[in-house]
Amino acid sequence: MPSIACPPDLFRRPRLLAAAACLGVLLGCGGGDGGRTEEGGNRQALAAAAVRSAPVVGPGELKSATPIRTVELAAMASVFATVPELGVQAKYAVTTYRLTYVTKDGDGQDVVASALAAVPVKPAGRPSPVMSWQHGTLFLDAQAPSNTANESEAAVLLASQGYIVVAADYVGYGASKGRPHPYLLSAPTAAAVVDLLTAAKTWRATSGVVDNGQLFMAGYSEGGYATVAALRSMETTGSPHLANLVGVAPGAGPYSVTATMDAALAIVRQRSELLRWVAWPGVLKNLSTTTRTLLRDALVHEILPDDADVTLTTSFIDLYLADDTAALDALSNVHDWRPTWPVLLHHGRDDRTVAYSVATRTIATMRANGSTSASLTDCPVQPAGHLDCVVPYFSFLLSRAAGAARDL
C-alpha cells in the first residue's frame, strides 16, 4: 500500500483495500468541511436507498430505535475533569437512543437484543466516524449501556469526542434480560457485535444520522474479547463491514480462555491448601468428583459476585476442568488465527483479572500465524493492574483513533 500522510500506520488498512483506502484518505484529508458534508450526504442517500431495496430480515434486523436523552456538554465536561490524565475534553453534547435488533443467543436461536447508540450533536449534515464499543463484564443489568446512557457511560464519553458510537448490551442484558449471557462463547459474542453493526447501519441510513464511512472497534476486558471475536468473524465471513473498518484496539481481553483459566487456577491454588497440590492444568479431569466440585465453585467465585442479577454461562469452566482443549478452541478461544486488519492490543503486566500472559500468548500466536498487523502495547502505569489500566487504555484508544479518524 502506498504511503499517505494523513492517517498513521497504526490504523493502516491491508493491501486488499488499498485502492479504497487511498480514495477514502484523500477525500478526508483534502478540501474543507463543505466537501466532506456533501460526500457524507451522498453516501447516506445511497445507503438509505440500498436499505429500502433490500431490508435485513433475521440476524442484523433493526426492530426499533427509541430516543433516550441528550446528555449536555457541561455534564460530560465534569466527568473528563476528574480524569485529566486522558488529555482530552468533551467536544459535543450527545443524543442517545436505544436500538433493538435480532441476533443469536448461546443456543444459536434468534433473539431480540438491545444496544445504545450515542450521536454527537453536530451541525446538520456533518458526518462522523463510527465507533463500535464493547463493554466489560457487568453483573447488574442496570449497568448495561442502554440502561445507563448518561455522562458516565463509556459509549457516551466516546461520542462526545465526535464518534457515532454503538454499544451492544449483549444477550442476557437489556431487552434480552432473563436469558443466559453467553459468556466467553465466541460465536454468539461476535454475533451480538456484528449484527448490531448491521442494524445500526440501517438505522443511520433511515434516520438521517450521517457517518463518514470509517469504522473503529474497541473494548476492554470482556469487551476486548468481544472485539477480537467480532473481527475474526468478520474476516472469516468476508463481512461487508470490512469495507469501512480502519482498525481495532482491544484492551485486557481474555482472548485465550485457556490461558485465562490457567492464570485463574494459579490464583485459586494459592488460596487453597488442598487444591495447591492436586489441581494442575492438563490433569484436572483426573480429580475426584468432590475436588472437581470444590475447584469449579472456586473458579466461578473468581468470576461472579454474590449480588449479580444476570446469569452468565460458565460452560467454558466445565470444558477447562475436563481438559477439553479442542472444545475450548472451537467454542471460546479467539487468539489463534491471522488477522489482516490492524489489531492494537493493550494490556497491563500486573493484571490479575486477565493475566498479561494472555496478551503475550495472543500476539505470539497471531504473529506465528503470519500476521503483520497485530501489536501489543504495555500499560504504562505502576502498578499495571486490570482496573489501574482502564484510564491508560482509554488514553491509548483515543490518541490512536483520533490520529486516523476524519470529521471529529
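Since the model is a prediction, treat every value here as computed from it, not as a measurement.

What counts and how
- Sequence order as written defines the numbering, with residues in each chain counted from 1.
- Where totals are concerned, whole chains, interfaces and linings use all residues; where local detail is concerned, this predicted model gives features only for residues with pLDDT of at least 70, and gives and counts side-chain atom pairs only at 80 or more.
- Each side-chain value is worked out from all heavy atoms of the structure, with water and hydrogens disregarded.
- Labels follow the DSSP assignment, with helices taken as runs of H or I lasting at least four residues and strands as runs of E lasting at least two, numbered in each case from the N terminus.
- The cut-offs for exposure are 20% and 50% of the maximum accessible area for each residue type, with area from a 1.4 Å probe on protein chains only; residues under the lower value are buried, those over the upper are exposed, and the others partly exposed.
- Note on definitions: a residue-residue contact is assigned when non-hydrogen atoms from the two residues lie within 4.5 Å.
- A 1.4 Å probe and the Shrake-Rupley method give the accessible areas. Residues count as covered only by the protein chains that appear here.
- The rule for a disulfide is simple: a pair of cysteine sulfur atoms within 2.5 Å.
- Throughout, an axis means a line fitted to C-alpha atoms (over the contacting stretch in the case of helices), and angles, computed between N-to-C directions, take values from 0 to 180 degrees.
- Roughly parallel here means an angle under 35 degrees, roughly antiparallel means over 145, roughly perpendicular means 65 to 115, and every remaining angle is called oblique.
- As a working rule, the residues Ala, Val, Leu, Ile, Met, Phe, Trp, Tyr, Cys and Pro are called nonpolar, Asp, Glu, Lys and Arg charged, and the rest polar, with Gly in that last group.
- Nonpolar cores are built from buried Ala, Val, Leu, Ile, Met, Phe, Trp, Tyr and Cys residues. Side-chain atoms within 4.5 Å join them into one set.

K.L.:
Can you walk me through the overall build of the protein in this structure?
P.N.:
For the protein, the helix and strand inventory stands at 14 helices and nine strands. Taking all 408 residues of the protein together, the buried fraction comes to 56%. Partitioning the contacts of the protein with sequence separation of at least 6, the portion at a separation of at least 24 is 77%. With the model as given, the accessible surface of the protein reaches about 16,700 Å², and the carbon-plus-sulfur share is 55%.

K.L.:
I keep staring at unusual backbone geometry and nothing clicks. Help me out?
P.N.:
Trans is the common state for peptide bonds, and a negative phi is the common state for residues other than glycine. Here the residue pair glutamine 382 and proline 383 is connected by a cis peptide bond, since its omega of -5° sits within 30 degrees of zero. Tracing the sequence through the fold places proline 383 in the loop between β9 (374–378) and α14 (390–404). Located in the positive-phi region is tyrosine 170, a residue other than glycine, with phi close to 85°. As for its position among the elements, tyrosine 170 is in the loop between β5 (164–168) and α6 (186–207). With a phi close to 65°, serine 221 is a non-glycine residue in the positive phi region. By secondary structure assignment, the location of serine 221 is in the loop between β6 (211–220) and α7 (222–237).

K.L.:
I tried to follow the state of the cysteines on my own but got confused; where do I start?
P.N.:
Disulfide: a covalent bond formed between the sulfur atoms of two cysteine residues. If you walk through the whole model with that rule in mind, you get one disulfide. In this model cysteine 379 forms its disulfide with cysteine 389; the gap between the sulfur atoms is 2.1 Å. Sign of the S-S torsion, about -105° for the bond between cysteine 379 and cysteine 389, identifies this disulfide as left-handed. Within this pair, whereas cysteine 379 is found in the loop between β9 and α14, its partner cysteine 389 is found in the loop between β9 and α14, the two being separated by ten residues in sequence. Assigned by exposure class, cysteine 379 and cysteine 389 land together as buried.

K.L.:
Looking at this structure, I do not really get the packing of α6 against α7. What am I missing?
P.N.:
In the contact formed by α6 and α7, the axes pass within 8 Å of each other and the chain directions differ by 75°. Looking at the two axes, α6 sits roughly perpendicular to α7. Contact residues: α6 offers Ser186, Thr189, Ala190, Val193, Val194 and Leu197, while α7 offers Tyr225, Ala226, Ala229, Ala230, Arg232, Ser233 and Met234. Of the residues that constitute the contact of α6 with α7, the class distribution is nine nonpolar, three polar and one charged.

K.L.:
Would you mind showing me how to read the nonpolar core here?
P.N.:
Taken as a class, soluble globular proteins show a tendency for nonpolar side chains to be buried jointly. One finds Tyr101, Met217, Leu231, Leu245, Leu299, Phe316 and Ile317 to be the most contacted residues of the largest nonpolar core, which totals 71 residues. When residues in this core are grouped by element, the largest group, nine residues, is from α6. When sequence neighbours within four positions are dropped, the list of residues in contact with methionine 217 reads Met131, Ser132, Val193, Thr227, Ala230, Met234, Leu245, Gly247, Val248 and Ala249. Residues Ala159, Tyr393, Phe396 and Ala401 belong to the second largest nonpolar core, which totals 40 residues.

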